[in-house]
Amino acid sequence: MCGRYALFRWNPEFAALPGFPADQQPHWSLAPGASVLLMRKVEAQLQLSRARWGLTPAWLNDFTRTPAQARAETLAEQPMFREAFRQRRGLLPANGFYEWRGTARKRPFWMTAEGSLTHFAAIWEAYPVEGYSYLSVAVVTLPAANLRRPLILDEAAQAAWLDPDTPVAELQPLLMQPQPLLRERPLATFVNDPALDGPQCLTPA
């Protein structure tokens, strides 16, 4: 399961996108329930917005059920996800994500792709509260051995994913797109503390 990722470094072009928060802080450990940066296409323009990591459709009345992940294999059929998949797609920019492996004692790993920023496929919803719409998001995941990893989209796939006019028939192949080779680094156990959100999270083992 993709349970935590990081966004602590970005380039000037990214910071110049409309909606980039002036008070944006680096984060080394973003977990479900956190406020994250969501990239969307709004009126044909790329835009960044803050969103809660945990999908919250407007019809949802049980707030203990706000999924942080959506399986690529069932995205088009699941009632929780299918409308967002068709109409409300976005990206979660990241520097990398964490993965825990093992049985009796899980070891954390830092997973990264080429480039300073990686883009995870995501779907989003708006939840109205007292006249204001709050954005929420779930990351799309793929199976990886006995784990789940975020679906990473290359530049061409990002454009198709973000375009609200891309037909579902053209979206399906993106869900099966070959994934980039990832670099992995074993970490010390500092990152196991969910309250820690600092560079110590990346301390090598």
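Residues numbered from 1 in each chain as written. Predicted model: local features only at pLDDT ≥ 70, side-chain atom pairs only at ≥ 80, totals over all residues. Heavy atoms only, no water.

1. Some thoughts on a nonpolar patch on the surface
The grouping of Val129, Tyr132 and Tyr134 at the surface amounts to a nonpolar patch, some 310 Å² of accessible area in total. Residue class for valine 129 comes out partly exposed when judged on its relative accessible area of 32%. (Patch = residues over 30% accessible without salt bridge, like charges linked within 9 Å, V, L, I, M, F, W, Y side chains within 5 Å. Areas by Shrake-Rupley, 256 points an atom, 1.4 Å probe, with all protein chains shown as cover. Salt bridge = Lys/Arg side-chain N within 4 Å of Asp/Glu carboxyl O. Buried < 20%, exposed > 50% of the residue type's maximum accessible area, 1.4 Å probe, protein only.)

2. Some thoughts on helix H3 (residues 155-162)
Within H3 the residues assigned to the buried category are Ala157, Gln158, Trp161 and Leu162. One side of H3 carries all its buried residues, which in axial view fall inside an arc of 125°. (Helix = DSSP H or I, 4+ residues; strand = E, 2+ residues; numbered from the N terminus. Arc of directions from axis to C-beta.)

3. Considering the nonpolar core
Counting residues in hydrophobic clusters, the biggest one holds 51 residues, and the most contacted among them are Tyr5, Leu75, Leu92, Ile123 and Trp161. Examining the composition of this core, we find that 6 residues originate from one element, strand S10 (residues 132-144), more than from any other. Within the second largest apolar cluster, 10 residues are counted, among which are Ala6, Tyr98, Leu187 and Cys201. (Core = buried A, V, L, I, M, F, W, Y, C linked by side-chain atoms within 4.5 Å.)

4. Brief notes about the environment of leucine 181
Residue placement: leucine 181 occurs in the loop between helix H4 (168-171) and strand S12 (183-186). Judged by relative accessible area, which is 79%, leucine 181 ranks as exposed. Between the C-alpha atom of leucine 181 and that of arginine 40, which follows or precedes it by 141 residues, the distance is 26 Å.

5. Overview of the environment of histidine 119
In this fold, histidine 119 is placed in strand S9 (residues 118-129). When the C-alpha positions of histidine 119 and glutamate 13 are compared, they lie 15 Å apart, and in sequence the two are 106 residues distant. Setting aside residues no more than four positions away along its own chain, histidine 119 makes contact with Met39, Leu91, Leu92, Pro93, Leu151, Ile152, Leu153 and Gln158. A distance of 3.5 Å separates polar atoms of two side chains, one belonging to histidine 119 and the other to glutamine 158. (Contact = heavy atoms within 4.5 Å. Polar contact = N/O pair within 3.5 Å; in protein donor to acceptor, adjacent residues only side chain to side chain.)

6. Some thoughts on the pattern of salt bridges
Under the counting rule described, the total for this entry stands at 8 salt bridges. Here glutamate 125 makes a salt bridge to arginine 88, at a shortest N to O gap of 3.1 Å. Taken together, the positions of glutamate 125 in strand S9 and arginine 88 in the loop between helix H2 (82-87) and strand S6 (89-94) put the pair 37 residues apart, joining distant regions of the chain. There is no split in this pair, since glutamate 125 and arginine 88 are both buried. Across the salt bridge formed by arginine 183 and glutamate 114, the nearest N and O atoms sit 3.0 Å from each other. Of this pair, arginine 183 sits in strand S12 while glutamate 114 is found in the loop between strand S8 (107-112) and S9, placing the two residues 69 residues apart along the sequence. Beyond isolated ion pairs, a larger network of salt bridges with shared partners links Glu99, Arg101, Arg149 and Glu184.

7. So, the environment of valine 139
Tracing the backbone through its elements, the reader meets valine 139 in strand S10. With relative accessibility at 1%, the residue valine 139 sits in the buried group. Sequence separation of valine 139 and serine 35 is 104 residues, and the distance between their C-alpha atoms is 13 Å.

8. Focus on the packing of aromatic side chains
Where two aromatic rings form a pair, the distance of their centres and the angle of their planes describe that pair. Under the counting rule described, the total for this entry stands at 11 aromatic pairs. Between the aromatic rings of phenylalanine 8 and tryptophan 110, the centroid separation amounts to 6.2 Å while the plane-to-plane angle is 35°, which identifies the pairing as tilted. Pair noted here: phenylalanine 8 is in the loop between strand S1 (5-7) and helix H1 (12-15) and tryptophan 110 is in strand S8, with a separation of 102 residues, a long-range link. Through a chain of ring-to-ring contacts, three or more aromatic side chains come together here, namely Phe8, Trp28, Tyr98, Trp100 and Trp110. Between the NZ or CZ atom of arginine 40 and the centre of the ring of tryptophan 124, over which it lies, the distance is 4.6 Å. In this structure, arginine 101 is placed above the aromatic ring of phenylalanine 109, and the distance from its NZ or CZ to the ring centre is 4.1 Å. (Phe/Tyr/Trp six-rings, centres within 6.5 Å; stacked < 30°, edge-to-face > 60°. Lys NZ or Arg CZ within 6 Å of the ring centre and 35° of its normal.)

9. Here's the deal with the sheet that holds S8
If you walk across this open sheet you meet the 5 strands as S2-S1-S7-S8-S12, and the pairing is antiparallel. Edge positions in the open sheet fall to strand S2 (27-30) and S12, since each of these has one partner strand only. For this sheet, the mean angle separating the axes of adjacent strands, direction not counted, is 30°. (Pairing = 2+ DSSP bridges. Axes fitted to C-alpha atoms, helices over the stretch in contact; angles between N-to-C directions.)

10. Remarks on the side chain of arginine 4
Looking at where arginine 4 falls in the secondary structure, it is placed in the segment before S1. Of note is the side chain of arginine 4, whose polar atom sits 3.1 Å from the side chain of serine 29. Arginine 4 has contacts with Ser29, Leu30, Ala31, Trp53, Phe97, Tyr98, Trp100, Val191, Asn192, Asp193 and Pro194, leaving out every residue within four places of it along the chain.

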